[in-house]
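Listed here are the chains, written in short residue letters.
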Amino acid sequence: MDALMLAKDVVLVELVKVIPDDVKNLEESEVRLIAYTTAVVLVLTWLWSFLNHKKSLWQRLKDFSFGFLRSLPIVNGYVKSELDKILTDLTKEDAFRTHKGEVFTTRLPASGLGRKQVVSRATEMDELLGGADWKKGRCSGTVYFNSEELSETLCEVYSKFAWSNPLHADVFPSIRKMEGEVVQMVVEMFHGPENACGAMTSGGTESILMACRAYRQIGYERGIAVPEIVAPFSAHAAFDKACEYFHMKLVHVALDEQSRQVDIRAMRKAITSSTVLLVGSAPQFPHGVIDDIEAIAALGRQYSVGVHVDACLGGFLIPFMEEAGFPLPLFDFRVTGVTSISADTHKYGFAPKGSSVILYASHDLRHRQYFVAPDWQGGIYASPSIAGSRAGGIIAACWAAMMFMGQDGYVTSTKKIVTTARYMKESLSDVPGIFIYGDPNVSVIALGSNDFDIYRLGAALGKRGWNLNTLQFPASIHICCTLRHTDGGVGEAFVTDVKECTAEIMKSPRAKSTGSAAIYGMAQSIPDRSLVKEIAWGFLDTCLNAKH
Ligand SMILES: *Cc1c(COP(=O)(O)O)cnc(C)c1O
Ligand SMILES: *[C@@H]1O[C@H](CO)[C@@H](O)[C@H](O)[C@H]1NC(C)=O
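Residues numbered from 1 in each chain as written. Chains lettered and ligands numbered in written order. Predicted model: local features only at pLDDT ≥ 70, side-chain atom pairs only at ≥ 80, totals over all residues. Heavy atoms only, no water.

Caption draft 1: Focus on the packing of helix α8 (residues 173-189) against helix α15 (residues 392-428). Relative to each other, α8 and α15 sit at 45°, their axes nearing to 9 Å. When the interaxial angle is binned, α8 and α15 end up oblique. Crossing of α8 against α15: the hand is left-handed. The residues of α15 that touch α8, namely those facing Ile175, Met178, Glu179, Glu181, Val182, Met185 and Val186, are Gly392, Ile395, Ala396, Cys398, Trp399, Met402 and Met403. Per-class residue counts for the contact of α8 with α15 are eleven nonpolar, one polar and two charged. (Axes fitted to C-alpha atoms, helices over the stretch in contact; angles between N-to-C directions. Helix = DSSP H or I, 4+ residues; strand = E, 2+ residues; numbered from the N terminus. Parallel < 35°, antiparallel > 145°, perpendicular 65-115°, else oblique. Left-handed = near helix turned anticlockwise from the far one by under 90°. Contact = heavy atoms within 4.5 Å. Nonpolar A, V, L, I, M, F, W, Y, C, P; charged D, E, K, R; others polar.)

See below:
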């Protein structure tokens, strides 16, 4: 109330300064009325923006408290030294491996090396530094295909189009045609309606960013100041990125504990008049589970909001699963209410990295992802997605991968991959000490444990050459099966190693984790998430430095 009185006085004084003489003749009671009204409006406006913030009240309170603590020199000094220790540990990891006597290039060679030397230097770097053995199927996801012939085909086609750029459609009409064909082939895969359309992007993240941007424009047109996206906690971080980039609010919804699908009732509750988009994944990255797309689409229809299906991961598996003998509940444009779908060609489409497709149910929606600068001095500038110039060679290689594989090729790869994943699921479903999250139907199997720190299993498998993904909230590790795991014996070797490592750990389930397993566990328990951000910045800094 004091604040209100103060505001009133300030407003009164200010009013008297600016109002002309005849207005000064107003009765005092009238002035008071104006002043009160103004003060109340000011306070209400402030209250409105305070409550309708992108961050929750609780989050802002936490940020403020941690910020205050960090401003104390003692705390800050301690935190800094702890962060440095963690970073030092992190940089001992494989990514920063060097070899004896290694020279770092930090300046342009004074004179160009020429073809032979450049190629030999690159080859040497690859051989000396090595890495996890993805060729032998030791990595989760990462490299999805296993055919030398496909690889050579892609490189041959790329080399013909290495200099092309779809920004100049007039110069490279073939690239324009290839992009259109890639998009249309994916439209067909997902049973797009008459008006369905899309665009190629540089990857799943950009596809998602573009969709979110399109829905944000619709929100703006409806007069929503901060449009909201309602997405499961399991949805890809690209949605967080989109909201940060495009000034939207992300409302996360809990998962059903058992199925790991998004909780539909919680999703309904999270919808507000500012909601522009509901998200479902097919499947989601952490546990490989497909959300109940039909139920999400029903909400979309009921509340007249868009529904995006993130099929970035599964985009070149799920459309072929029925034909491969693994029928699924509906997940694509056949479900009324689904308005956009993202599918990554650079994952199970077996195209090289740097390509993905975003599909829309209508041209109206696609227009809202476009950018046009009609008045630029450099000419009327129009580009469909984030990039200006784009890699035509990558589009050509993506087109080549799809033409190389064909419907039958993808059905076969899907059959092999899902068969291997199902085999792993069956074999690991009753290993004492671990469990599988939900009932994953596609290619990802996530493991957890009620008996020990599951990151220890990840570390133990790491010692045997396996490179799995580490997940948090809840702690888990997962393997994403690719064609590489379908090669003879790889799936079996994985199952054997998981069983043996788990049995070993179960001898002392309460033992402490070490190394990166410990870092991950600790990172999950830090209440001030801005510290985790700082650690991640440090990691990225180290990645981007030539010298360590
Ligand atoms: C891979 C993936 C994405 C996007 O990732 P990019 O690395 O940008 O291609 C989005 N959603 C899911 C479920 C994914 O697996
Ligand atoms: C997995 O597939 C089966 C068979 O189509 C289906 O009944 C089940 O609902 C699916 N589970 C999930 C989580 O999608």
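Now that the structure has been shown, we can carry on.
Caption draft 2: A look at the sheet that holds strand β11 (residues 444-448). In spatial order, the strands read β10-β11-β13-β12; together these four strands make up an open sheet with antiparallel pairing. Here the strands that pair on one side only, and so sit at the sheet edges, are β10 (435-436) and β12 (469-471). With four bridges joining them, β11 and strand β13 (residues 476-480) adopt antiparallel strand pairing. Paired with valine 444 across the bridge in β13 is cysteine 480. The strands touched by α15 within the sheet are β10, β11 and β13, with β11 carrying the most contacts at an inclination of about 20°. (Pairing = 2+ DSSP bridges.)

Caption draft 3: Helix α16 (residues 454-463), seen in detail. All buried positions along α16 are accounted for by Ile454, Tyr455, Arg456, Leu457 and Leu461. N-capping of α16 is provided by aspartate 453, with a side-chain oxygen placed 2.9 Å from the backbone N of tyrosine 455. (Buried < 20%, exposed > 50% of the residue type's maximum accessible area, 1.4 Å probe, protein only. Polar contact = N/O pair within 3.5 Å; in protein donor to acceptor, adjacent residues only side chain to side chain.)

Caption draft 4: Main features of the site of ligand 2. Around ligand 2, the neighbouring residues are Gln261, Pro327, Leu328, Asp439 and Asn441. Within the backbone of proline 327, an N or O atom sits 2.8 Å from an oxygen atom of ligand 2. A distance of 2.3 Å is found between an oxygen atom of ligand 2 and a side-chain nitrogen or oxygen belonging to asparagine 441. For ligand 2, the accessible surface in isolation is 360 Å², of which the surrounding protein chains cover 58%. (Near = heavy atom within 4 Å. Areas by Shrake-Rupley, 256 points an atom, 1.4 Å probe, with all protein chains shown as cover.)

Caption draft 5: Structural detail: the site of ligand 1. Close contacts around ligand 1 come from 13 residues, with Gly204, Thr205, Asp310, His346 and Lys347 the closest. For ligand 1, a nitrogen atom lies 2.6 Å from a polar atom in the side chain of aspartate 310. The side chain of lysine 347 places a nitrogen or oxygen atom 3.1 Å from an oxygen atom of ligand 1. The fraction of the free accessible surface of ligand 1 (380 Å²) that becomes covered by protein chains is 84%. Broken down by element, the shell around ligand 1 gets its largest block of residues, three residues, from helix α9 (residues 204-221). Per-class residue counts for the shell around ligand 1 are five nonpolar, five polar and three charged.

Caption draft 6: Up close: a negative patch on the surface. Together, Glu148, Glu149, Glu152 and Glu156 make up a negatively charged patch on the protein surface. Following the sequence through the fold, glutamate 148 ends up in helix α7 (residues 148-161). (Patch = residues over 30% accessible without salt bridge, like charges linked within 9 Å, V, L, I, M, F, W, Y side chains within 5 Å. Salt bridge = Lys/Arg side-chain N within 4 Å of Asp/Glu carboxyl O. Lys, Arg positive; Asp, Glu negative; His and termini not counted. Charge placed at Lys NZ, Arg CZ, Asp CG, Glu CD.)

Caption draft 7: Representation of the layout of surface pockets within the structure. What the second largest pocket holds in volume is close to 420 Å³. Lining the second largest pocket are 20 residues, and of these Arg176, Glu179, Tyr370, Pro384 and Arg390 sit closest to its centre. Sorting the residues of the lining of the second largest pocket by element identifies α8, β1 (197-201) and β9 (381-383) as the ones contributing at least two each. The biggest single contributor to the lining of the second largest pocket is α8, with five residues. For the lining of the second largest pocket, the class distribution of residues is eleven nonpolar, five polar and four charged. (1 Å grid on protein atoms, 1.4 Å probe; cavity = no way out; pocket = protein on both sides within 12 Å on 5 of 7 lines; lining within 4 Å. Points joined across faces, edges and corners; volume = space filled by probe spheres on them.)

Caption draft 8: Layout of the state of the cysteines. Applying the stated criterion across every chain, the model contains zero disulfides. Here cysteine 139 stays free of any disulfide, with the sulfur of cysteine 480 as its closest cysteine sulfur at 11 Å. In this structure cysteine 197 is not part of a disulfide, and its nearest cysteine sulfur, from cysteine 212, lies 17 Å away. Note on cysteine 197: relative accessible area 5%, which makes it buried. (Disulfide = S-S within 2.5 Å.)

Caption draft 9: Quick look at the environment of aspartate 451. Mapped onto the elements of the fold, aspartate 451 is located in the loop between β11 and α16. The exposure class assigned to aspartate 451 is partly exposed, which follows from its relative accessible area of 31%. When the C-alpha positions of aspartate 451 and glutamate 156 are compared, they lie 51 Å apart, and in sequence the two are 295 residues distant. In contact with aspartate 451, not counting residues within four places along its chain, are Gly433, Met506, Pro509 and Arg510.

Caption draft 10: Here's a closer look at the pattern of salt bridges. Per the stated rule, a full pass over the model turns up 13 salt bridges. Across the pair aspartate 344 and lysine 347 runs a salt bridge, and its minimum N-O distance is 3.1 Å. The pair formed by aspartate 344 and lysine 347 is uniform in burial state, with each residue classed as buried. Connected via shared salt-bridge partners are Arg464, Asp497 and Glu500.

Caption draft 11: Structural view of the nonpolar core. With 95 residues, the main nonpolar core has Phe190, Ile318, Phe350, Leu447 and Leu457 as its most contacted residues. Examining the composition of this core, we find that 14 residues originate from one element, α15, more than from any other. When near neighbours in sequence (up to four residues on either side) are disregarded, isoleucine 318 contacts Phe190, Ala282, Ile290, Ala311, Leu328, Phe331 and Val442. (Core = buried A, V, L, I, M, F, W, Y, C linked by side-chain atoms within 4.5 Å.)

Caption draft 12: Here's a closer look at unusual backbone geometry. Here the amide bond leading from alanine 282 into proline 283 is cis, since omega sits at -10°, within 30 degrees of zero. Along the chain, proline 283 turns up in the loop between β4 (275-281) and α12 (293-303). Looking along the chain, the bond that leaves phenylalanine 473 and enters proline 474 is cis, with omega of 0°. Relative to the helices and strands, proline 474 resides in the loop between β12 and β13. We note that serine 304 has phi near 50°; this positive angle belongs to a residue other than glycine.

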